[in-house]
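Listed here are the chains, written in short residue letters.
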Amino acid sequence: MLLNSHTYYSLNYGVLDTEEQLRIAQEYGYDCYALTDINNTSACLDFIRLAPKYNIRPVVGIDFRNGVEQKFIGIAQSNQGFEALNAYLSQHLHEKKEFPDLAPELPEVHFIYPYPQYKGHKLSDKEWIGVSPKYLSRLTFSKWQKYQNRMVAFPSGTFIKKQHFTAHKLLRAIDLNILISRLEEHDQASTYDVFPRLSQLKERYKDYPQLLYNCQKILNESEISFVFKDPFHHENKRFLNSNAQEDRKQLLQLIDDGLNYRYGQNIPPEVPIRVGKELDIITQKGFIGYFLMNWKIVDYARHKDYYYVGRGSGANSLIAYLLRITDVDPIELDLYFERFMNIYRQNPPDFDIDFSWKDRDDVTEFIFKEFPKSALVGTYNTYKRRAVLRELGKVFGLPKHEQDILKKENGNYTNLDQASQKVLSYAKLIHEFPSHLSIHASGILIPEKSIYHFGGTFLPPKNFPTTQFSMIEAEDVGLFKFDILSQRGLGKIKDSLELIKQNQPNNPPKNIRNINAFKKDPKVNSLLKNGKAIGCFYVESPAMRMLLSKLSVDTYLGLVAASSIIRPGVAKSGMMREYILRHHGLPAAKELPPKMLEIMPETYGIMVYQEDVIKVAHIFAGLSLAESDELRRGMSGKYRSREEFLKVQERFFSNCKKKAYPIKTTEEIWKQIESFAGYAFSKGHSASYAVESYQCLYLKAYYPLEYMVATINNSGGFYRSETYIHEARMLGANIHAPCINKSSALSIIEGKDIYLGLHYIKGIESQTLQWIQEEKAKNGPFQSFEDFSDRINVGLEQTALLIRANVFRFSGVHKRELLWKAHYSISKEKKKNLNLKMFSTLRKDVKVPELEYDENEESYDQMELLGFPLCNPFDLVKEKSYKKYLAKDFKDLLHQTIEIRGYLVSIKKTATTKGDRMNFGTFLDEEGHFFDTTHFPISAKQFPFRGIGIYQVKGKVVEEFGFYSLEVCAMEKLAYDTESNYV
């Protein structure tokens, strides 16, 4: 008989999670009640899914409020009513409109006005007055007494205990950004809003049986249902065309076209068999339309000349390869389609398609135009520990230094005052509560029905409707997402091709999608084997360079394996080292059951890919394929707490026991599964990454300077921009500081000369860059500093930055002299005035005194303004004399302790199994070559890194599988000459 209840998806108001509320409701005697979160439907699908577990018939609705002021509540009588409520809610949220006093007329919806809000209008047969326990005493004397037949019992189920009410008030204070002491009654819930036991509810309203009767009547008339977790049911748009026959006809034609494109006249005999098998499963599962919609998206991208990568388990599909959704050939890699889709699999298939960060928004806009019912997938931002401590500290009025102390406490209440103790106590309760809705990184839903059939939407800054539920609830109900991601690596490829066209018009590159040619190219594979892949997607990090060197990877298949081995879980379980040992034919450190080698011969019996988890669970532990996939998905973390996953875990151990495996063996295999499955890639995903890596390696091998400029202009990758600029120099480029005439906002290349972009100048504004570009495009390059000043005025501050960056060096006038002139002749006020030229005759002649110049001044200005010097940084070190060693000397110095100077490139912080902090460093030596260092806990603590610069590093040269590095025992950052000038 409860028509109004809230979970913590009544954001910054409610305090109960969905399942906790259901458990309480069952304990309190309910077999049916309504969930009505405030302006939100995030909990509805989960509530409907979980309710039968607690023998409760679910009813859902929405509590419509302006702030905390309750206007009315809508109860859905059916799925149609739920859809109407969601559409109404979404319209107001999108347009940021307040809810009116009167509810709209919606089909299949009961509306309830809280007693104080009812103004006396004539009620329809679907409208009611809700009387909470707080107002029962007023009924006898109320002028609305005669309308008891239109009244309902209307308590609110928001809290269970006093602690919940306090937490609610704290959330309200956080939401309003005020001290808890300033929170007023009208900004919070009533103390009456305690979730009542059914017996208490009946006792309170025993003198008003009509109100209870009406309440039960509404609940009896309300019924809502969805199909959950049915492998043969989905709610996505079914057909690209008007019906199944047309879709199948189009798919068959596209498959024929794809066979010709991929294989020409040399179609391997296994291909038609594989196509037939995949087509049967796709048809049975009703996913022909899904494949065609993905084809439609990538076909649009190709016509727009957008580069993309289809990755994830979708790369296991030969039909996806033929439709050019992915460039991974599953026949070549022996990828089994069942990892992507099988008739037993309960979760939906999932294509991940990466586009350039510059192109993704346009692709998304195309999807919304082509499929108007689309919506972005939402997600829930939750209160993390540090955030909730900060927010609670603020509402309790704690000064910042006390908030900082609390962040370091782990439940230690010793010597804390009462306010601080409360902050820690309620932080535990509020931790992981949803704080606000956000957008999934890539997911788009394309449903057959209106998105409002499933829930409400909100409108984030991207201006695309976004669901109030997450991908987990979407999948539960049969909605699977299209993953449209962005990455800068694809921007590099596209920009490289444009730069090659401009800089080497007579030397065009091969078709960038001709991966097979790149796989066999010795020049490309040499970069891979020798770790010369700086700037190349996914293979440039220090850890990846190290692994590729240790494995001597010089093939596509080797890179596919390495792409998954490098993931955190494999390393954590110790199996990365085990793989390397077995790859080199060395004695294994760990004994594995012979069955593991039978299951995974190509990876030496070691789980490397997500598919391996399924293989081991199915063949080794005897789980069904469906259970095995549930286990694989559960390891991702999103499902780990789900009851389904825990049952599979129990089954794994019980099956192994039945097979008489020693418990230690079972535990070791489980430990390996658990340690890496959440991080591992599917083999198809690794193969997709390897495809993009080979495209990048080809461009770097044959067009290194254009590729490095494209890398720089797409914000680099793993390293700072400085590293890619250095790499370009090592590849033969002449690097020039930004130039007002040569540079645009981005860097440009002319032959072997690279002029850095004006955007590198710290403090330069985008508006300034735009004005400069527009003026150069309209009236040509600037002839002198005075010409610049005549034609455009960006203000003294911006002009001074340009001068200090030496962008006017073409004029032959030293920048100190130009600074002097600028301070005399340029207004501090910034304004755009492209007609300044006509007033140039009014210029005041400035006499500049004789100035002194420091030879290192340019380098220090570059450090301040660009973030790095363009000279060799080793030339700036104060202490010049020392015994010089280089990275290339390591082979001859094995096991010796040496000192070497290095320019710090990157640091990786990690921890030992005991939890002690340690570091890995990457440096450049004086000739510009990389060397790597290991800093064990004692060394890391005694000799910490102190920012970018030159270090004198002392350590022992070590080698493992042909990879040389330095185990550091001491380290000192060296001072620059005249360091006082360095900011």
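Let me begin by describing the structure that accompanies this report. (Residues numbered from 1 in each chain as written. Predicted model: local features only at pLDDT ≥ 70, side-chain atom pairs only at ≥ 80, totals over all residues. Heavy atoms only, no water.)

1. Thoughts on the overall build of the protein
(1) Moving on: Helix and strand counts for the protein stand at 37 helices and 21 strands.
(2) Moving on: Compactness check: the protein gives a C-alpha radius of gyration of 33 Å against a globular reference of 30 Å for 983 residues, within 12% of the reference.
(3) Moving on: Counting only C-alpha atoms and orienting by the principal axes, one finds that the protein spans roughly 95 × 80 × 65 Å.
(4) Moving on: The 983 residues of the protein split such that 56% are buried. (Helix = DSSP H or I, 4+ residues; strand = E, 2+ residues; numbered from the N terminus. Rg over C-alpha atoms; globule rule 2.2 N^0.38 Å. Buried < 20%, exposed > 50% of the residue type's maximum accessible area, 1.4 Å probe, protein only.)

2. Regarding the environment of threonine 913
(1) Moving on: Relative to the helices and strands, threonine 913 resides in the loop between β17 (897–911) and β18 (917–924).
(2) Moving on: Threonine 913 sits 497 residues away from leucine 416 along the chain, and the two C-alpha atoms are 32 Å apart.

3. Regarding the sheet that holds strand β16 (residues 753–755)
(1) Moving on: On the basis of which strands lie adjacent, the open sheet formed by 3 strands has the order β14-β16-β15 and mixed pairing. Each edge of the open sheet is held by one strand with a lone partner, namely β14 (734–736) and β15 (748–750). The sheet shows a mean angle of 25 degrees between the axes of neighbouring strands, taken without regard to direction.
(2) Moving on: Pairing of β15 with β16 involves 3 bridges; the strand directions are antiparallel. Within the sheet, the bridge partner assigned to isoleucine 749 lies in β16 and is isoleucine 754. (Pairing = 2+ DSSP bridges. Axes fitted to C-alpha atoms, helices over the stretch in contact; angles between N-to-C directions.)

4. A short note on the packing of aromatic side chains
In this description, a pair of aromatic rings is defined by centroid distance and the angle of the planes.
(1) Moving on: A full pass over the atoms with the stated rule returns 56 aromatic pairs.
(2) Moving on: Judged by centre distance (5.8 Å) and plane angle (85 degrees), the rings of tyrosine 30 and phenylalanine 195 are edge-to-face. Taken together, the residues span a long stretch of sequence, with tyrosine 30 in the loop between α1 (18–27) and β1 (32–35) and phenylalanine 195 in the loop between α4 (162–176) and α5 (198–204) at a distance of 165 residues.
(3) Moving on: Cluster of aromatic residues (ring-pair linked, three or more members): Phe64, Phe72, Tyr88, Phe99, Phe111 and Tyr113.
(4) Moving on: Just above the ring of tyrosine 321 sits the side chain of arginine 262; from NZ or CZ to the centre is 4.0 Å.
(5) Moving on: Its end group placed over the ring of tyrosine 308, arginine 513 keeps NZ or CZ at 4.5 Å from the ring centre. (Phe/Tyr/Trp six-rings, centres within 6.5 Å; stacked < 30°, edge-to-face > 60°. Lys NZ or Arg CZ within 6 Å of the ring centre and 35° of its normal.)

5. Some details on the sheet that holds strand β4 (residues 109–114)
Either a parallel or an antiparallel arrangement is found when strands of a sheet pair, and the pairing is made through backbone hydrogen bonds.
(1) Moving on: Spatial strand order, β1-β2-β3-β4-β5-β6: 6 strands in an open sheet with mixed pairing. Two strands lie at the open edges of the sheet, namely β1 and β6 (151–153), each paired on one side alone. Across this sheet, the average inter-strand angle for adjacent strands is 35 degrees, counted without regard to direction.
(2) Moving on: With 3 bridges joining them, strand β5 (residues 127–131) and β6 adopt parallel strand pairing. Looking at β6, one finds that valine 131 is bridged to alanine 153.
(3) Moving on: Each of β2 (57–66), β3 (69–76) and β4 touches helix α3 (residues 79–95); the most contacted strand, β2, lies at about 20 degrees to it.
(4) Moving on: Against the sheet, helix α6 (residues 209–220) makes contact with β1, β2, β3, β4, β5 and β6, and its axis sits at roughly 85 degrees relative to β6, the strand it touches most. (Contact = heavy atoms within 4.5 Å.)

6. Concerning the environment of leucine 389
(1) Moving on: Considering the arrangement of structural elements, one finds leucine 389 in helix α13 (residues 385–395).
(2) Moving on: In this structure, the C-alpha to C-alpha distance between leucine 389 and isoleucine 430, residues 41 residues apart in sequence, is 9.7 Å.
(3) Moving on: Setting aside chain neighbours within four positions, we find leucine 389 in contact with Leu406, Lys407, Val423, Leu424 and Ala427.

7. A few points about helix α25 (residues 610–620)
(1) Moving on: Within α25, 8 of the 11 residues are buried, which leaves the element mostly enclosed by the surrounding structure.
(2) Moving on: Three or more residues of α25 are buried, namely Gln610, Glu611, Asp612, Val613, Ile614, Val616, Ala617 and Phe620.
(3) Moving on: Once α25 ends, the next one or two residues include glycine 622, with phi positive near 75 degrees.

8. Focus: the pattern of salt bridges
(1) Moving on: Tallying each qualifying case throughout the model produces 49 salt bridges.
(2) Moving on: The salt bridge involving glutamate 69 is made with lysine 71; its shortest N-O contact spans 3.3 Å.
(3) Moving on: Accessibility expressed as a relative area gives 40% for glutamate 69, which makes it partly exposed.
(4) Moving on: Two residues, aspartate 327 and arginine 262, come together in a salt bridge whose shortest N-O distance is 2.9 Å. Separated by 65 residues along the polypeptide, aspartate 327 in the loop between α10 (318–322) and α11 (330–333) and arginine 262 in helix α7 (residues 244–263) bring together distant segments of the chain. The pair aspartate 327 / arginine 262 is uniform in exposure class, with both members buried. (Salt bridge = Lys/Arg side-chain N within 4 Å of Asp/Glu carboxyl O.)

9. As for the environment of isoleucine 160
(1) Moving on: Note that isoleucine 160 resides in the loop between β6 and α4.
(2) Moving on: Along the primary structure isoleucine 160 and isoleucine 353 are separated by 193 residues, whereas in three dimensions their C-alpha atoms are 46 Å apart.
(3) Moving on: Not counting residues up to four positions away in its chain, the partners in contact with isoleucine 160 are Leu16, Ile24, Tyr28, Val194 and Phe195.

10. A word on unusual backbone geometry
(1) Moving on: A positive phi angle, close to 70 degrees, is found at histidine 895, a residue other than glycine.
(2) Moving on: In this fold, histidine 895 is placed in the loop between α36 (857–865) and β17.
(3) Moving on: Since its relative accessible area comes to 57%, histidine 895 is described here as exposed.
(4) Moving on: A positive phi angle, close to 55 degrees, is found at phenylalanine 961, a residue other than glycine.
(5) Moving on: With respect to the element layout, phenylalanine 961 can be found in the loop between β20 (950–960) and β21 (963–973).

11. A closer look at the pairing of strand β19 (residues 930–935)
Residues in a regular strand project their side chains so that they alternate between the two faces of the sheet.
(1) Moving on: Across the 6 residues of β19, 5 count as buried, placing the element largely inside the fold.
(2) Moving on: As judged from the 6 bridges shared by β18 and β19, these two strands associate in the antiparallel manner. Counted as the bridge partner of leucine 924 is phenylalanine 930 from β19.
(3) Moving on: The antiparallel hairpin formed by β18 and β19 contains 5 residues in its connecting segment, where glycine 928 sits at a positive phi of about 90 degrees.
(4) Moving on: In this sheet, β21 lies alongside β19 in parallel orientation, the contact comprising 2 bridges. In the sheet register, threonine 934 faces β21, and the bridge partner there is glutamate 967.

12. Thoughts on the side chain of arginine 172
(1) Moving on: Its location among the elements puts arginine 172 in helix α4.
(2) Moving on: The exposure class of arginine 172 is buried, given its relative accessible area of 6%.
(3) Moving on: Here the side chain of arginine 172 touches aspartate 187 through a polar contact of 2.9 Å, landing on its backbone oxygen.
(4) Moving on: For arginine 172, the contacting residues outside a window of four places in its chain are Asn12, Tyr13, Val68, Leu183, Asp187 and Gln188. (Polar contact = N/O pair within 3.5 Å; in protein donor to acceptor, adjacent residues only side chain to side chain.)

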